[in-house]
Amino acid sequence: MTAPRREASVDLDAIRRNVAELRRRAGSTSAMAVVKANGYGHGAVAVARAALEGGASRLGVADLDEALALREAGISAPILAWLHDGESEFRTAIASDIEIGVSSLDQLDRVAADAVHAGDARVHIKLDTGLSRNGVAESEWRRLFDRARELADDGRVRVAGVFSHLANASDESDADQVAAFERGLGVAARAGVAPGVRHLASTAGALRRPGARYDLVRLGIGIYGLSPFGDGTTSADLGLSPAMTLRARVAAVRRVSAGTGASYDFIWRAETDTTLVLVPIGYADGIPRLASGRADVWIAGRRRPIVGRIAMDQFIVDVGDDTVSVGDEVVVFGDPATGAPSADEWATAADTINYEVVTRIGPRVARTYPSA
Ligand SMILES: *Cc1c(COP(=O)(O)O)cnc(C)c1O
């Protein structure tokens, strides 16, 4: 081994259990495991397999390329990809049996055009019910479903689903979105389109909005064992185990005297004589620089503070008068049940959300799967 060890160890058993627990809490509704962005940084293929073993029946991703990579890895479960642009080409996706989320009349027509050559294209029509992101605007629903009906009658396109996404802004706004989704299903029915699988809720909705579960819940953050809620609800409160443990090894140990500065800009100086250890993982690897001086790591059975600026490849930890050696394990974050800091604590330290903490873990960090 020539590079320092930087490792995101992913517990696939935890993923299997999290999927089962989320399904149980969602009243056993069918589940799509969302594995976009390399499985929220955990490794899309490994997570996809574990989630299917844990009881998910479908997979969801943003991009067609992400969907094709899962197919190339030999995964045969239904896969939906929902984020496309004006250049997206659907032929390969249709030939690879990928379901396509359609957010406009133009996309529907492009899928239909590509389907002439590739056979039966399956689409999930995405309605904008208030998020103002992707999805067909309400003013277009009638035209879109009429067109879907025509294309279905021609055998060019099959409507396999109708879906939307919640803003999770408040009880009231979610209820408004459920009502809008119901109007959309009504428009589909009047156009003679059977909606197929109806889906609206992601992890937050699956857990707290029974009225949004419909036929399928799309589970992202929860399968990785993290809470979608910003109200202090922890993984443990939800019966979930964080799957990722981010580790490195101590690269150097140095005794310094009081007054010594550490790392760029000397935002920190030792108040007393102390021992500093160097941890070879930095913001290039997804450790947020904003957490400089605000986060802890776990070394030799204790939490210890990061001191000074987090740098591109490394940061410094103050271990006081304790004996720590080169090669000792450093847990940056993991399951707080083990004593390690959580991804949620890092999120707080960096003014962000746990989603961003795990998703940004970079390519120099090896993903390993001890319970594969
Ligand atoms: C990312 C995403 C999800 C998963 O959301 P979580 O909050 O991670 O459960 C579900 N649906 C859509 C459309 C998404 O973009």
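Residues numbered from 1 in each chain as written. Predicted model: local features only at pLDDT ≥ 70, side-chain atom pairs only at ≥ 80, totals over all residues. Heavy atoms only, no water.

**Remarks on the nonpolar core**
Rules: In plain words, nonpolar cores are sets of buried Ala, Val, Leu, Ile, Met, Phe, Trp, Tyr and Cys residues tied together by side-chain atoms within 4.5 Å. Each residue's exposure class comes from its accessible area (1.4 Å probe, protein chains only) as a fraction of the maximum for that residue type: buried when under 20%, exposed when over 50%, partly exposed otherwise. Throughout, a residue-residue contact means that at least one pair of heavy atoms, one from each residue, lies within 4.5 Å.
In this structure, Phe-145, Phe-315, Phe-333 and Trp-346 are the most contacted members of the largest nonpolar core, which totals 117 residues. When near neighbours in sequence (up to four residues on either side) are disregarded, Trp-346 contacts Ile-287, Pro-288, Ala-291, Ala-295, Asp-296, Val-297, Ile-306, Ile-310, Val-332, Phe-333, Pro-341 and Val-357. Among the nonpolar cores identified, the runner-up in size contains 7 residues, and Val-256, Ala-262, Val-307 and Ile-316 belong to it.

**What about the packing of helix 7 (residues 141-153) against helix 8 (residues 171-190)?**
Going by this rule: Fitted lines through C-alpha atoms serve as axes, helices being fitted only where they are in contact, and the angles separating the N-to-C directions of these axes extend from 0 to 180 degrees. To qualify as a helix, a DSSP run of H or I must reach at least 4 residues; to qualify as a strand, a run of E must reach at least 2; elements of each kind are numbered from the N terminus. Should an angle fall under 35 degrees it is called roughly parallel, over 145 degrees roughly antiparallel, and 65 to 115 degrees roughly perpendicular, with every other angle called oblique. Each crossing gets its hand from how the near helix is turned against the far one by less than a right angle, where anticlockwise is left-handed and clockwise is right-handed. All residues other than Ala, Val, Leu, Ile, Met, Phe, Trp, Tyr, Cys, Pro, Asp, Glu, Lys and Arg, Gly among them, are scored as polar; the first ten of these are nonpolar and the last four charged.
Contact geometry for helix 7 and helix 8: axes closest at 9 Å, N-to-C directions at 40°. If you check the angle between helix 7 and helix 8, you find them oblique. Between helix 7 and helix 8 lies a crossing of right-handed hand. Mapping the contact onto sequence places Trp-141, Arg-142 and Phe-145 in helix 7 and Ala-180, Arg-183, Gly-184, Val-187, Ala-188 and Arg-190 in helix 8. Of the residues belonging to the contact of helix 7 with helix 8, the class tally is 5 nonpolar, 1 polar and 3 charged.

**Considerations on the UniProt feature "active site" (unreviewed entry) in the chain**
Here is the rule: UniProt positions are given in the numbering used here, feature names are shortened, and annotations may be inferred rather than shown by experiment.
Under the local residue numbering, the UniProt record ascribes the feature "active site" (unreviewed entry) to Lys-36 and Tyr-264. These annotated residues cover 229 residues of sequence, and their C-alpha atoms sit far apart, with the largest distance between any two at 35.2 Å. Residue placement: Lys-36 occurs in helix 2 (residues 36-40). What Lys-36 contacts, discounting residues up to four positions off in sequence, is Gly-60, Val-61, Ala-62, Glu-66 and Trp-82. Note on placement: Tyr-264 falls in the loop between strand 11 (252-256) and strand 12 (274-279). Discounting chain neighbours no more than four positions away, the residues touching Tyr-264 are Arg-309 and Ala-311.

**Notes on the pattern of salt bridges**
The criterion, for reference: Throughout this description, the term salt bridge denotes a Lys or Arg side-chain nitrogen within 4 Å of a carboxyl oxygen of Asp or Glu.
Within the structure shown, the criterion is met by 34 salt bridges. Notably, a salt bridge pairs Asp-296 with Arg-303, separated by 3.5 Å at the nearest N-O pair. Among the residues examined, Asp-296 registers a relative accessible area of 28% and is labelled partly exposed. On the basis of relative accessibility, which here comes to 31%, the residue Arg-303 falls in the partly exposed class. By sharing partners, the salt bridges in this structure join Arg-5, Glu-7, Arg-247 and Glu-329 into a single network.

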